[in-house]
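# Remarks on the overall topology
The residues making up each chain are set out below.
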2 protein chains.
Amino acid sequence: MEILQHHSTLATTLRERRQRLAKMIDFPAILWSGQRSSRNFPANVYPFRASSHFLYFAGIPLENVAIFLHGGKLELFMDEAPSSHALWHGEMPKREEIAQAIGADGAFPLSELPSRSTGAATIAVQDVTTYQQQTQILNRSVAPADGAEEIDGELVRAIASLRLCHDPGALSELRQAAAVTVEAHQAGMRATPTAKLEAEVRGAMEHVIMAHNMTDAYAGIVTVYGEVLHNEQYHHPLQPGDLLLADVGAETPMGWASDVTRTWPVTGTFSSTQRDLYEIVLAAHDACIDKIRPGIEYLDIHLLAASVISQGLVDLGILRGQVSDLVEMDAHALFFPHGVGHLLGLDVHDMEDLGDLAGYEEGRKRSSRFGLCYLRLNRPLKAGMLVTIEPGFYQVPAILHDQQLRSKYQEVVNWERLAQFSDVRGIRIEDDVLVTEEGSEVITAALPTHADAIEQLVQ
Amino acid sequence: MEILQHHSTLATTLRERRQRLAKMIDFPAILWSGQRSSRNFPANVYPFRASSHFLYFAGIPLENVAIFLHGGKLELFMDEAPSSHALWHGEMPKREEIAQAIGADGAFPLSELPSRSTGAATIAVQDVTTYQQQTQILNRSVAPADGAEEIDGELVRAIASLRLCHDPGALSELRQAAAVTVEAHQAGMRATPTAKLEAEVRGAMEHVIMAHNMTDAYAGIVTVYGEVLHNEQYHHPLQPGDLLLADVGAETPMGWASDVTRTWPVTGTFSSTQRDLYEIVLAAHDACIDKIRPGIEYLDIHLLAASVISQGLVDLGILRGQVSDLVEMDAHALFFPHGVGHLLGLDVHDMEDLGDLAGYEEGRKRSSRFGLCYLRLNRPLKAGMLVTIEPGFYQVPAILHDQQLRSKYQEVVNWERLAQFSDVRGIRIEDDVLVTEEGSEVITAALPTHADAIEQLVQ
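Residues numbered from 1 in each chain as written. Chains lettered and ligands numbered in written order. Predicted model: local features only at pLDDT ≥ 70, side-chain atom pairs only at ≥ 80, totals over all residues. Heavy atoms only, no water.

### Brief notes about a negative patch on the surface
Where we set the bar: By definition, no residue in a patch forms a salt bridge, and every one has over 30% relative accessible area; like charges are joined within 9 Å, nonpolar side chains (Val, Leu, Ile, Met, Phe, Trp, Tyr) within 5 Å. To measure how exposed things are, a 1.4 Å probe is used in the Shrake-Rupley method; for residues, cover is taken only from the protein chains shown. Throughout this description, the term salt bridge denotes a Lys or Arg side-chain nitrogen within 4 Å of a carboxyl oxygen of Asp or Glu. In this charge count, Lys and Arg are treated as positive and Asp and Glu as negative; neither His nor the chain ends contribute. Working definition for charges: the position is that of NZ of Lys, CZ of Arg, CG of Asp or CD of Glu. Working definition: helices are DSSP H or I runs of at least four residues, strands are E runs of at least two. Numbering for both runs from the N terminus.
A surface patch of negative charge is lined by Asp79, Glu80, Glu96 and Glu97 of chain A. Relative to the elements of secondary structure, Glu80 of chain A occurs in the loop between β5 (73–77) and α4 (85–89).

Have a look at this one:
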């Protein structure tokens, strides 16, 4: 297993993580890695992804394994592969080898796990088969992760507070994912002038990710229909005048994610209207990153993006009125309907399996406001947090043709002026930003954002 | 949805399939498409793959949809996407548009499905959530697909007999998958001389598949450890003298698979020992394909491969004895431990969710013999069947170092001679072969198999 070869510091990193956990809870926890899900028949499975909470403490994407954490110690529960397994899957590391690699304090077959289950907390995994095992072995109900209760709720809060700020082991992985993601976007830009379909650009980007033996952290978006926020179709032709929006991020073999978006002109040259709107999104992106430092509220970063975008649209004559009034009435959300970003770590929306528990400071709830309801992060920032900054401008028919919204914002939008920007469906610029003691560091900064530099990369 | 645009003959194909089904069963059937499985958090899902039985009759990979088949008619049960869906996923085709595209005789919301459930048969899907819905809506237990009973068992046998022989609509898709797979292998060979890792070759191959907006039909194998039959690791370096074994196949957006293996020298030149063994595997491959025609037993094709390989190994001095005796005692299986191939269609091991029901003629059971137990297909061939032919030669430590096997075959193996071939870990040559009225057609024949031609492609 690749991972056993390379990470001599892994055991130390993992020991420090569980020792920090031990200071926060005084009861044991069992975390399951999960199992593969079948695709079209039982043996044809999706690529395995271990539970992120498991990975945080066990480091290695082991299948069908559990770890018992208590008092800063880790015990590994796994079964050895049967001997028939070697013909099909090769020799697997033995339990003891894995235990050594991750610095476990003990290693046992899975059959001994029930003897450790009394009073243990857990977090529900995603795959249903393992989830059912969790309730069986703990001999009690286990709520889904976003509704964890009692000791499970305490465990979830403790792990969320640990995972919010990244340690050096995590940052090393996150930087590797970021570097490969940057390279993938460069390859996508270079492939564009000769590509006829979105899928061809996507292929060039995934080529880079796979060549580094990484995977997608999420279903990539590579589309000329950038106004569809989670577009997963790649069959559209590229036509002169189109903008291509690519939101693609790599994930390291140990599960750490990157998340980057760039938007570029298919021909290599922005039209003047495209460039006008691109510059607005970029101004918001830059202003937000400038503002990031420990202590600042992420909500204020989001509202700053809303203000910069609103100001830009007023300057272009698309919106009318005072910027503060426009943001107050959510007029920016007509064109920027999502949040300015989210936490990033082992999950691309880090810890979203816990609902808003990680993203929202205790006691805060999602707003129902049109301009705030999709904000995934609402906390004061702390050094060690990694967040995305991803403002955008979109012309979404489902929003702009909505009669209720159209009448509400009738007066503040110059619809005729807007019609002149019909060659912009969607623009988003997204980077991964580490909060540091001094302020911030854009770990994806090697990928240009300026319109001129983007044009040069596409040529 | 791409598929609504291109397939004007789809409705006709689907109507013919369900009319054929209606001649075989006189009770209704409900087939579910299934739902996405979550990866590390609920919204981060694996790429959706609809159930193959559903796809066979519904054509389009629709999520969370059911079809009701009875008397040659099809009714579609699906819910329209909620309006909030458009912001994130774009406008989806309406129920009526999809119903028209697939030639449905009626279209209803899912809430009306229970009213059709009385006396309906079904086949269990792979995802647990939908499987639980199947038992709820039918209000009875539903066995897994490989253990279907009563009317479910009758339905499974009827569908298996239909899916065994491909109609023109299926063959059109299978040929597209084959063509892209051929191109992917060519790209992999071209990428090899400059690649440092297996992963780089894999990236070049997947690039082609993705650029055609296709997906992997299965987890690709791209490895210098070709003796690991289902190797899914890609991190090993390529070193002079290594053979690279690539078993990679594309799947069309409508779900039809290809499955091709080639083995090539990393440097572009086979060593003499590699070439000797390559020629033996190729001779088996060619002999099997020559033999394919309607009426022949696939078991005999497998035994032919075993004979040709045994003869070749005798000629090289690796095995000793009469070929017929060697095959009878499974000596070939020391080096060729798997079956010579399998059915291919909507699944790469077509209908393997049904256990051996599709692969094995009624009344036949898997042999427990070392040389036959992994054979996935044991039927007389019929025109319209698509099968793989994939003989191989491997040096699997788990077999060759097994004390029991070693003593059983002590006399028939010249272990010293074998040691001279230590630069061959695994060789497999696999093509997709259509049984025709006249004999056979290799639908992946555009990809060379001869050693000289392979060497030229790698240069």
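### Some points on the packing of helix α8 (residues 168–191) of chain B against helix α9 (residues 198–211) of chain B
Axis angle and axis distance: for two packed helices, these are the angle between their axes and the distance between the axes, and together they describe the pair. All names here are of chain B. This is how the line gets drawn: In this analysis an axis means a line fitted to C-alpha atoms, helices contributing only their contacting stretch, and an angle means the value between N-to-C directions, from 0 to 180 degrees. Oblique is the label for any angle not covered by the other classes, which are roughly parallel (under 35 degrees), roughly antiparallel (over 145) and roughly perpendicular (65 to 115). Note: crossing handedness is left-handed where the near helix turns anticlockwise from the far helix by less than a right angle, and right-handed where it turns clockwise. Here, residues are in contact when the closest pair of their heavy atoms is within 4.5 Å. Residue polarity follows a fixed list, in which Ala, Val, Leu, Ile, Met, Phe, Trp, Tyr, Cys and Pro are nonpolar, Asp, Glu, Lys and Arg are charged, and the others, Gly among them, are polar.
The interhelical angle for the contact between α8 and α9, taken along N-to-C directions, is 150°, at an axis separation of 8 Å. Taken together, the axis directions place α8 and α9 in an arrangement best described as roughly antiparallel. As α8 packs across α9, the resulting crossing turns out to be right-handed. In this structure, α8 contributes Val180, Glu183, Ala184, His185, Ala187, Gly188 and Ala191 to the contact, and α9 contributes Val201, Ala204, Met205, Val208 and Ile209. Tallied by class, the residues present in the contact of α8 with α9 amount to 9 nonpolar, 2 polar and 1 charged.

### Overview of the side chain of Ser33 of chain A
Quick reminder of the rule: By the criterion applied in these results, polar contacts are pairs of N or O atoms within 3.5 Å in which, for protein atoms, one can donate a hydrogen and the other can accept it, and in which residues neighboring in sequence qualify only through two side-chain atoms.
One can find Ser33 of chain A in the loop between β1 (29–32) and β2 (38–41). A polar contact of 3.1 Å, which involves the side chain of Ser33 of chain A, links it to the backbone nitrogen of Asn64 of chain A.

### Regarding the pairing of strand β11 (residues 260–265) of chain A
Residue and element names in this part refer to chain A. This is how it is decided: For every residue, the accessible area (1.4 Å probe, protein chains only) is compared with the maximum for its type, and the residue is labelled buried under 20%, exposed over 50%, or partly exposed between those bounds. Here the rule is simple: two strands pair whenever DSSP picks up at least two bridges between them.
β11 sits mainly inside the fold: 6 of its 6 residues count as buried. Taking every second residue as pointing to the same face, both faces of β11 are buried, with Val260, Arg262 and Trp264 on one and Thr261, Thr263 and Pro265 on the other. Bridge analysis of strand β9 (residues 243–248) against β11 gives 6 bridges, and the strand direction is antiparallel. By the bridge assignment, Leu245 is partnered in β11 with Thr263.

### Examining the packing of aromatic side chains
Residues and elements named next belong to chain A. Using the following cut-off: A pair of aromatic rings is counted whenever rings of Phe, Tyr or Trp (Trp by its six-membered ring) have centres within 6.5 Å, and the orientation is called stacked for planes under 30 degrees apart, edge-to-face for over 60 and tilted otherwise. Lysine NZ or arginine CZ positioned within 6 Å of the ring centre and within 35 degrees of the ring normal marks a charge as sitting over the ring.
If you walk through the whole model with that rule in mind, you get 13 aromatic pairs over all chains. Relative to Phe393, the ring of Phe335 has its centre 5.2 Å away and its plane inclined at 10°; by these criteria the two rings are stacked. With Phe335 in the loop between α12 (323–328) and β12 (386–389) and Phe393 in strand β13 (residues 392–394), this pair connects stretches of sequence that are 58 residues apart. Judged by relative accessible area, Phe335 falls into the buried class, the value being 0%. By relative accessible area, Phe393 is classed as buried at 1%. The positively charged end of Arg406 is found above the aromatic ring belonging to Trp415, 3.9 Å away from the centroid.

### Considerations on the interface of chain A and chain B
How big an interface is tends to be stated in terms of accessible area lost as the parts join. Our working definition: Buried area: the sum, over both parts, of the accessible surface (1.4 Å probe) that disappears when the two are put together.
Chain A puts 66 residues into the contact, and the matching count from chain B is 66 residues. For the pair chain A and chain B, the two sides together bury roughly 5,300 Å², of which 58% comes from carbon and sulfur. On the chain A side of the interface with chain B, the three residues burying the most area are Leu87, Trp88 and Met210 of chain A, jointly 15% of the side's total. Counting across the interface, chain A meets chain B through 4 salt bridges.

### So, the UniProt feature "domain: Aminopeptidase P N-terminal" (unreviewed entry) in chain A
We apply this condition: UniProt positions are given in the numbering used here, feature names are shortened, and annotations may be inferred rather than shown by experiment.
When the UniProt feature table is mapped to this numbering, "domain: Aminopeptidase P N-terminal" (unreviewed entry) covers residues 9–134 of chain A. Along residues 9–134 of chain A one finds 31% helix and 18% strand; the C-alpha atoms at either end are 30 Å apart.

### So, the relation of the copies chain A and chain B
Worth spelling out the cut-off: For the least-squares superposition of copies, only C-alpha atoms count, and only for residues with pLDDT at least 70 in both.
Here chain A sits on chain B after a turn of 180° about the axis and a move of 0.0 Å along it, with an RMSD of 0.0 Å. In short, the pair behaves as if placed about a two-fold rotation axis. The C-alpha atom lying nearest the rotation axis in chain A is that of His207 of chain A; the distance is 2.6 Å. When you check the interface residues of chain A against chain B, 100% turn up at the interface there too, and the contact is symmetric in its surfaces.

### Thoughts on the environment of Ser141 of chain A
All names here are of chain A. Topologically, Ser141 is positioned in the loop between α6 (128–138) and α7 (150–164). Ser141 gets classed as exposed once you look at its relative accessible area, which sits at 65%. Separated by 35 residues in the primary sequence, Ser141 and Gln176 have C-alpha atoms spaced 39 Å apart.

### Describing the domain arrangement of chain A
Residue and element names in this part refer to chain A. This is how the line gets drawn: As used throughout, domain bounds are those supplied by an automatic or database domain assignment.
Taken as a whole, chain A is organised into domain 1 (2–164) and domain 2 (168–458). Interface area, domain 1 with domain 2, both sides summed: about 1,800 Å², of which 61% is carbon and sulfur. When the buried surface of domain 1 facing domain 2 is broken down by residue, Arg49, Arg163 and Leu164 rank first, second and third, together holding 33% of it. Applying the counting criterion to the domain 1 and domain 2 interface returns 3 salt bridges. Here Asp350 ties to Arg163 by a salt bridge, and the two come within 2.9 Å at their closest N and O atoms. The tally of links between domain 1 and domain 2 comes to 8 residue pairs in polar contact (both at pLDDT 80 or more). The set of elements that each furnish at least two residues to the side of domain 1 that touches domain 2 consists of α1 (2–6), α2 (10–22), α3 (52–58) and α7. Per-element accounting of the side of domain 1 that touches domain 2 gives the leading share, 5 residues, to α7.

### Here we look at the pattern of salt bridges
Inspection of every chain in the model, using the stated rule, returns 48 salt bridges over all chains. Note that Glu251 of chain A and Arg49 of chain A form a salt bridge whose closest N and O atoms lie 2.8 Å from each other. Separated by 202 residues along the polypeptide, Glu251 of chain A in strand β10 (residues 250–251) and Arg49 of chain A in the loop between β3 (44–45) and α3 bring together distant segments of the chain. Side by side, Glu251 of chain A and Arg49 of chain A carry an identical accessibility label, which is buried. As a salt-bridge pair, Glu232 of chain A and Arg36 of chain B come within 3.0 Å of each other at their nearest N and O atoms. Here Glu232 of chain A is found in the loop between β8 (221–223) and β9, whereas its partner Arg36 of chain B is found in the loop between β1 (29–32) and β2 (38–41) on a different chain. Through salt bridges with shared partners, a single network forms among Arg275, Glu279, Asp452 and Glu455 of chain A.

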